Amino acid sequence: AQTVTWTVIDPTHSAVIAPNSADSSRAVFSAPPSSKISATQELTVKACVNSNLPSEVCATAKVLVPKLQVFVAAPKHTLLTDETVQLTALVVGSSLARPVAWTATPEIPDAKLTVMTPDTLVATYKASPFQKNPIFIQACLKDAGDICSDPYRLEIVDPVTITAVTGDWNAG
């Protein structure tokens, strides 16, 4: 039987290729984690067959691994107590739909973070009517929880009420 030897040439040194123990002509490739690449990363996978020939026979394949990133956007950074804002997550680097999980930190009992769309990319945050802490909203890929947006800071403030305006005017 012929044995196939697999190698991966990876500048990040974090991709893995694992041959099937029962059939070395098959292998599973694991891409480097998104945190290890700064942009789309090109890797080379090499398979060599050791046969009874004087030299081994090899083939290579180029693999492009995109960097996955998640961003959160909202129309504002400051909310009044009891106000609601819509948040949108943007997933970059994937050709597939990638649902996200939303979190708000710290958790405030009378505030509410609600997913609004089936694809999970739109959510709303309703601020507490009582708490005025800054809140940090984050979206992480559901299937790769270590790939998250930077925390989106929301300042929660009391509304300002102007009860009177007085002044002195000189009529001329």
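Please refer to the structure higher up on the page.
Residues numbered from 1 in each chain as written. Predicted model: local features only at pLDDT ≥ 70, side-chain atom pairs only at ≥ 80, totals over all residues. Heavy atoms only, no water.

K.L.:
Where do I start with the pattern of salt bridges in this structure?
P.N.:
One side chain can pair with another of opposite charge once the charged atoms of both are near each other. Throughout the structure, instances matching the rule amount to six salt bridges. For the salt bridge of Lys62 with Glu42, the shortest nitrogen-to-oxygen distance reads 3.8 Å. One end of the pair, Lys62, is in strand S5 (residues 57-65); the other, Glu42, is in strand S4 (residues 41-50), and 20 residues separate them in sequence. Relative accessible area serves as the criterion here: at 56%, Lys62 is assigned to the exposed category. Judged by its relative accessible area of 46%, Glu42 is partly exposed. As a salt-bridge pair, Asp143 and Arg98 come within 3.0 Å of each other at their nearest N and O atoms. Of the two residues, Asp143 is situated in the loop between strand S12 (135-141) and strand S13 (144-148) and Arg98 in the loop between strand S8 (84-92) and strand S9 (100-105); the sequence distance between them amounts to 45 residues. (Salt bridge = Lys/Arg side-chain N within 4 Å of Asp/Glu carboxyl O. Helix = DSSP H or I, 4+ residues; strand = E, 2+ residues; numbered from the N terminus. Buried < 20%, exposed > 50% of the residue type's maximum accessible area, 1.4 Å probe, protein only.)

K.L.:
How should I be thinking about the state of the cysteines in this particular structure?
P.N.:
Working definition of a disulfide: a covalent bond connecting the sulfur atoms of two cysteines. All chains considered together, the criterion is met by two disulfides. Between the sulfur atoms of Cys48 and its disulfide mate Cys58 the distance is 2.0 Å. The sign of the 110 degrees torsion about the S-S bond sets the Cys48-Cys58 disulfide as right-handed. Of this pair, Cys48 sits in strand S4 while Cys58 sits in strand S5; the two residues are ten residues apart in sequence, bridging distant segments of the chain. For Cys48, a relative accessible area of 7% gives the class buried. (Disulfide = S-S within 2.5 Å.)

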